[in-house]
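# Structure at a glance
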Amino acid sequence: MVMKMNKKKFIELLQDRTKLSNKECETINNILESNFIFSKKNKDKIISDIQMELNLEKEKAENIYEISMDIISVALKDKLKHPFK
C-alpha cells in the first residue's frame, strides 16, 4: 500500500466494512500491495484479481475495491494533515 498504513489496521477496517473473513481481507490486501493502486488501468486488473481470487461477482468485487480505496484515501488524508502523527 502507498504510505505506511498499519497492515493489520487496514485488514480490520476492511473486514468490518465488508463483513468478509480475515483471510479474504488478507488476500485483498495482498492484491492491492502487488499493484500500483493509483492507476486507471490497474483498477480493472485489481477488480478482476479480487473477483478471481475470492470467486465473487464483478459488482461485489467493484464494491470491495471502492471500500478499499476509501479506507486508503482517508488514511492518506490523515497523513497529509498530520505528518508526524
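For the structure, check the block above.
Our subject in this report is the structure included herewith.

Calculation rules
Residues numbered from 1 in each chain as written. Predicted model: local features only at pLDDT ≥ 70, side-chain atom pairs only at ≥ 80, totals over all residues. Heavy atoms only, no water. Axes fitted to C-alpha atoms, helices over the stretch in contact; angles between N-to-C directions. Helix = DSSP H or I, 4+ residues; strand = E, 2+ residues; numbered from the N terminus. Parallel < 35°, antiparallel > 145°, perpendicular 65-115°, else oblique. Left-handed = near helix turned anticlockwise from the far one by under 90°. Contact = heavy atoms within 4.5 Å. Nonpolar A, V, L, I, M, F, W, Y, C, P; charged D, E, K, R; others polar. Buried < 20%, exposed > 50% of the residue type's maximum accessible area, 1.4 Å probe, protein only. Polar contact = N/O pair within 3.5 Å; in protein donor to acceptor, adjacent residues only side chain to side chain.

A few words now on the packing of helix α1 (residues 7-18) against helix α2 (residues 22-33). Relative to each other, α1 and α2 sit at 120 degrees, their axes nearing to 9 Å. Relative to α2, the element α1 lies oblique. In this structure, α1 meets α2 at a crossing whose hand is right-handed. For the pair α1 and α2, the contacting residues are K7, F10, I11, L14, Q15 and T18 in the first and N22, C25, E26, I28, N29, N30, L32 and E33 in the second. Partitioning the contact of α1 with α2 into residue classes produces six nonpolar, five polar and three charged.

Attention shifts here to unusual backbone geometry. Although it is not a glycine, K19 sits at a positive phi angle of roughly 65 degrees. Here K19 is to be found in the loop between α1 and α2. Look at K19 and you get exposed, because its relative accessible area is 67%. Non-glycine residue N55 carries a positive phi angle of around 55 degrees.

Right, let's get into the side chain of N35. Mapped onto the elements of the fold, N35 is located in the loop between α2 and α3 (40-54). The exposure class assigned to N35 is buried, which follows from its relative accessible area of 13%. A distance of 3.4 Å separates the side chain of N35 from the side chain of S34, its partner in a polar contact. In this structure, N35 is in contact with K45, I46 and D49, ignoring residues within four places of it in sequence.

With that settled, the discussion passes to the packing of α2 against α3. Taken N-terminus to C-terminus, the directions of α2 and α3 make an angle of 150 degrees; their axes are 10 Å apart at the nearest point. Here α2 lies roughly antiparallel to α3, going by the angle between them. Here α2 and α3 pass one another in a crossing that is right-handed. Contacts from E24, T27, I28, I31 and L32 of α2 reach α3 at I46, D49, I50, E53 and L54. Along the lines of polarity and charge, the residues of the contact of α2 with α3 split into six nonpolar, one polar and three charged.

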